[in-house]
Amino acid sequence: MKTAKNVIVLTIITVLAGFLLGYVYDITKGPIADATEKAKQQAYRSVFSSADKFEEIKGFDADIATNGVSSAGIKGVSIDEALEAKDSSGSVLGYVITVTSSEGYGGDVKLSMGIANDGTLNGIEFLSLSETAGLGMNADTVEFKSQFSGLNAKQISYTKTGKQNDYEIDAISGATITTSAVTNAVNAGLSYFSAIAGGESNE
């Protein structure tokens, strides 16, 4: 009899807990979605400040885009989003591409990057970065991110000995894995840009 009561009590507790979790989720999902969208819009503005609006590329398919860069030899990344950056008249100034690398030291590295029509990188902005404090998290500093602004190359690489070429960036000291993940993500975005825009960047 005691066992039956315990089962009933546990069942009631489980049902109530499930109900409360569902209730909390319904309450919080709206604000979470709003905060996520706000962060994305801020990232877009950061990497393409001259744009008046951003619109998803017509017919964009994340799976097809990801498969495309994978076929080009860039692994461990996904193309999550691709937007046209437009001026007030509706003319396309370039693109904002959001990419996720699964090869970060502390987890996924997700960033948005702005690319002008001529293939020049405006810059990058992180949407998700969970690397080691004082090491990999230094990726999210002006010093590191500014290296990508103004680059015009089909692909970029990183160096530990001091950049000597226009297509190179300096690696983060003590954080080669993070540097590699970011570089790989940017290269995936550049590859996708070449596919959709036929950009003639200079390597």
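What counts and what doesn't
- Residues numbered from 1 in each chain as written.
- Predicted model: local features only at pLDDT ≥ 70, side-chain atom pairs only at ≥ 80, totals over all residues.
- Heavy atoms only, no water.
- Salt bridge = Lys/Arg side-chain N within 4 Å of Asp/Glu carboxyl O.
- Helix = DSSP H or I, 4+ residues; strand = E, 2+ residues; numbered from the N terminus.
- Buried < 20%, exposed > 50% of the residue type's maximum accessible area, 1.4 Å probe, protein only.
- Core = buried A, V, L, I, M, F, W, Y, C linked by side-chain atoms within 4.5 Å.
- Contact = heavy atoms within 4.5 Å.
- Arc of directions from axis to C-beta.
- Polar contact = N/O pair within 3.5 Å; in protein donor to acceptor, adjacent residues only side chain to side chain.

Asks: An account of the pattern of salt bridges is needed here, citing residue identities and associated values.
Replies: Scanning all chains against the criterion turns up 6 salt bridges. Between Glu55 and Lys86 there is a salt bridge, with the nearest N and O atoms lying 2.8 Å from each other. On the criterion of sequence distance, the pair formed by Glu55 in strand β1 (residues 53–56) and Lys86 in strand β2 (residues 77–86) is long-range, its members being 31 residues apart. A relative accessible area of 32% places Glu55 in the partly exposed class. Residue classification places Lys86 among the buried positions, given a relative accessible area of 13%. In this structure, a network of salt bridges that share partners links the residues Lys53, Glu55, Glu84 and Lys86.

Asks: Describe in detail the nonpolar core, supporting the description with residues and values.
Replies: Ranked by size, the top nonpolar core spans 36 residues in total, and within it Ile79, Ile97, Met113, Phe148, Val182 and Val186 carry the most contacts. Elements that contribute at least two residues to this core include exactly α2 (62–71), β2, β3 (92–101), β4 (109–116), β5 (121–128) and α4 (176–197). Broken down by element, this core gets its largest block of residues, 8 residues, from α4. Here Val186 is in contact with Leu111, Met113, Leu121, Ile124, Phe148 and Ile156, once residues within four sequence places are set aside. Grouped together as the second largest cluster of nonpolar side chains are 8 residues, Tyr44, Ala51, Leu83 and Ala85 included.

Asks: Quick one: what's the story with α2, residue by residue and with numbers?
Replies: Those residues of α2 lying buried are Ala65, Thr66 and Val69. Projected onto a plane normal to the axis of α2, the buried residues spread over an arc of 95 degrees and lie on a single side. Every exposed residue of α2 that faces more than 90 degrees away from the buried side is listed here: Asp63, Ile64 and Ser71. Against β2 and α4 lie the buried residues of α2. Where α2 starts, the residue carrying a side-chain oxygen 3.0 Å from the main-chain nitrogen of Asp63 turns out to be Asp61. Among the residues trailing α2, Gly73 stands out with phi positive, at a value near 100 degrees.

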